[in-house]
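Each chain is listed here by its residues.
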Amino acid sequence: MTKLYRLNRKKLLQLKLCRMLILLPLLLIQLNVSAETKITHDATKQTENHIATDKLHFSIALGAGVKTNPLVGGNNIPLFIVPSLRFYGEKFYFDNGDLGYSFIQNKQLTLSAVSRINSENAYFSRWHPKNIFVFSSSSVSIDGNSPETPKEININDIHDRQWAIDAGLQLNWFITSVSQVKVQLLHDINDVYNGLNGSVEYFRQFSPISSSPINVQIKIGFDWFSQSMVNYYYGINNKDKVNPTLHYQSGSALNPYIKLHANYPLSKQWKFFSAVSYKILATNIKDSPIVEEKNNITAFIGASYVF
Amino acid sequence: MYSKAIHIILTGYFFYNTFSVNAAEFKQPIIHFSITPLACIVKQIGDECQLTTTVDWQSEQALDVCLIQDKVALKCWKNAISGKSVLPVQLNRTTTFTLKNNKTQILAKQLVKISATTPKKYRRKLRSDWSLF
């Protein structure tokens, strides 16, 4: 009953977030009608995708938002204050958790060695589930159908997931001054899941209304997790003290996503800011007994301030 | 009858207040304020600039004023109608110098700009803004 209530609340939240996804661009266009700004759009475009080197760039986003947690009993991650910290040297850079060194840089391509903390464990750090009921079809009834007898997994028997540190290569292909493709391939370096993960992302920035400083960024791409990463975070295996009939092992996972960010300058330092993202979880992840959602949604609305 | 009288008094008070506030806003006792030089050249933005500035001000009436840089009083004058001083100052960004009275009202202000001989270097961002979302 409690789980049913929790599920309904989660579905309701997702429905609200989907509504926000539709309403946010409309809200921004509405805002544009009444406001004025002196920033020229070409100048904005040129500088938005470039960053001054040898300078610490610190911003903060204040507002309200949430990142849903797909785990059974996982608490959604609230977003109220989100900092952004960046420092770019001539070759070295730190960009919101990514520590990198760009050893090839030209007008169209940058190839960097990059390292960062794998964010997948964030869901598990906000995981306070009750015991999980697994519909096991390991035994077969007389009529040949699976009886789907629910079996309980004691959550205390499941091993703690660890934070992994990934390192690898990142290729940025700058197609135009306002669009790029980013490809990443990383491997964990602290012996956590012993596997790979990667991503491919297309990024495009544009102004939907030519006479307006409104700025929209769209990102379409996918994350890829190797089999060993999927099984470490979402599998149930010998590391877990669970009846072997309840083990869950799967293959690699491809999670496609779309992200939409919009901002509107209110002053030199303040911007109205909103973000929505929708990620579809791969079958190999959503079929895990510890996962109850098919997707992952992030939504935020507020303002950003540049220090 | 009483309410009409109260209404007239309140309206009169409102107009008096509005008029007196506006009068105070527009009555600037400072007739001249300058700080030179108006700019400082550094090698790179962020570098500190050390300047010897000449501050000069004049007023129609005797004033207690202070020259302020970033909330710090550099020099104060008591009951003076003019002031002139040569002061060493340090800047690491474009800064506004203000002349404030003892009620901390800004009576005059002057911007001193910092410019760099080495232009800023830029490179392409490798992660988009707010990629944490």
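Residues numbered from 1 in each chain as written. Chains lettered and ligands numbered in written order. Predicted model: local features only at pLDDT ≥ 70, side-chain atom pairs only at ≥ 80, totals over all residues. Heavy atoms only, no water.

Visitor: Even after reading the chapter, I still don't get the overall build of chain A, so can you show me in this structure?
Guide: A count of helical and extended segments in chain A gives five helices and 15 strands. Within chain A, buried positions represent 46% of all 307 residues. Here the contacts in chain A between residues at least 6 apart in sequence split such that 62% fall between residues at least 24 apart. When the accessible surface of chain A is totalled, it reaches about 15,800 Å², and 61% of it is carbon and sulfur. (Helix = DSSP H or I, 4+ residues; strand = E, 2+ residues; numbered from the N terminus. Buried < 20%, exposed > 50% of the residue type's maximum accessible area, 1.4 Å probe, protein only. Contact = heavy atoms within 4.5 Å. Areas by Shrake-Rupley, 256 points an atom, 1.4 Å probe, with all protein chains shown as cover.)

Visitor: I'm lost on the overall build of chain B in this one. Help?
Guide: Along the backbone of chain B there are one helix and seven strands. The linear arrangement of helices and strands in chain B, starting from the amino end, is α-β-β-β-β-β-β-β. Within the span of chain B, comprising 133 residues, buried residues form 33% of the whole. Here the analysis covers contacts within chain B between residues at least 6 apart in sequence; of these, 55% occur between residues at least 24 apart. Total accessible area on chain B stands at roughly 9,000 Å², and carbon and sulfur atoms take up 57% of it.

Visitor: Which parts of the structure should I look at to understand the interface of chain A and chain B?
Guide: Frequently, the measure chosen for interface size is the accessible area that the parts lose on association. On the chain B side, the residues contacting the 47 residues of chain A number 14 residues. Inspection of the chain A/chain B interface yields two salt bridges. With a shortest N-O distance of 3.2 Å, arginine 127 of chain B and aspartate 98 of chain A are connected by a salt bridge. Inspection of the chain A/chain B interface yields 19 residue pairs in polar contact (both at pLDDT 80 or more). Here the side of chain A that touches chain B takes six residues from strand 3 (residues 77-88) of chain A, the largest share from any one element. Relative to strand 7 (residues 122-124) of chain B, strand 1 (residues 50-52) of chain A runs antiparallel, the two sharing three bridges. (Salt bridge = Lys/Arg side-chain N within 4 Å of Asp/Glu carboxyl O. Polar contact = N/O pair within 3.5 Å; in protein donor to acceptor, adjacent residues only side chain to side chain. Pairing = 2+ DSSP bridges.)

Visitor: Looking at this model, I keep getting lost on the environment of serine 212 of chain A. Mind explaining?
Guide: As for its position among the elements, serine 212 of chain A is in the loop between strand 11 (196-206) and strand 12 (215-225). Between the alpha carbons of serine 212 of chain A and tyrosine 264 of chain A there is a distance of 8.9 Å; along the sequence they are 52 residues apart.

Visitor: Is there a simple way to think about the side chain of asparagine 121 of chain A in this case?
Guide: Residue and element names in this part refer to chain A. Residue position: asparagine 121 is located in helix 3 (residues 121-125). Taking the relative accessible area as the measure of exposure, asparagine 121 reaches 3% and is therefore buried. Setting aside residues up to four positions removed in sequence, asparagine 121 forms contacts with Arg161, Gln162, Trp163 and Tyr233.

Visitor: Could you clarify how one ought to interpret the pattern of salt bridges in this entry?
Guide: Side chains carrying opposite charge are able to pair once their charged atoms draw close together. One pass over the full model with this rule turns up eight salt bridges over all chains. The residue aspartate 240 of chain A makes a salt bridge to arginine 161 of chain A at a minimum N-O spacing of 4.0 Å. Residue aspartate 240 of chain A is found in the loop between helix 4 (227-234) and strand 13 (253-265), and its partner arginine 161 of chain A is found in the loop between strand 8 (149-153) and strand 9 (165-176); the two are separated by 79 residues along the sequence. Comparing aspartate 240 of chain A with arginine 161 of chain A shows no difference in burial state: the two are buried. Across the pair lysine 279 of chain A and aspartate 223 of chain A runs a salt bridge whose closest N-O atoms are separated by 2.6 Å. Here the residue lysine 279 of chain A occupies a position in strand 14 (residues 270-280), and aspartate 223 of chain A occupies one in strand 12, the gap between them amounting to 56 residues. As far as burial versus exposure is concerned, lysine 279 of chain A and aspartate 223 of chain A are alike and both buried. Through salt bridges with shared partners, a single ionic network connects Arg86 and Asp95 of chain A together with Lys125 and Asp129 of chain B.

Visitor: What is the right way to read the confidence of the model for chain B from this model?
Guide: Caution is warranted with low-pLDDT regions, since their predicted coordinates should not be read in detail. With 78% of its residues at a pLDDT of at least 70, chain B reaches an overall mean of 78. The secondary structure element of chain B with the lowest average pLDDT is helix 1 (residues 2-26) of chain B, at 46, and the one with the highest is strand 4 (residues 72-91) of chain B, at 91. (pLDDT = per-residue confidence, 0-100.)

Visitor: I tried to follow a nonpolar patch on the surface on my own but got confused; where do I start?
Guide: Residue and element names in this part refer to chain A. Judged by side-chain polarity, Leu109, Leu171, Trp173, Ile175, Val183, Val200, Tyr202, Phe222 and Leu254 come together as a nonpolar surface patch covering roughly 680 Å² of accessible area. Of all the secondary structure elements, the ones that give two or more residues to the nonpolar patch are strand 9 and strand 11. Ranked by residues supplied to the nonpolar patch, first place goes to strand 9 with three residues. Along the chain, phenylalanine 222 falls in strand 12. (Patch = residues over 30% accessible without salt bridge, like charges linked within 9 Å, V, L, I, M, F, W, Y side chains within 5 Å.)

Visitor: Would you take a moment to explain the sheet that holds strand 10 (residues 179-188) of chain A for this structure?
Guide: Adjacent strands of a sheet pair through backbone hydrogen bonds, lying either parallel or antiparallel. All names here are of chain A. Reading around the circumference, 2-3-4-5-6-9-10-11-12-13-14-15 is the order of the 12 strands in this closed barrel, with antiparallel pairing throughout. Neighbouring strand axes in the sheet, compared pairwise and without regard to direction, differ in orientation by 20° on average. Its contacts with the sheet place helix 4 against strand 11, strand 12 and strand 13, and it is angled at close to 90° to strand 12. (Axes fitted to C-alpha atoms, helices over the stretch in contact; angles between N-to-C directions.)

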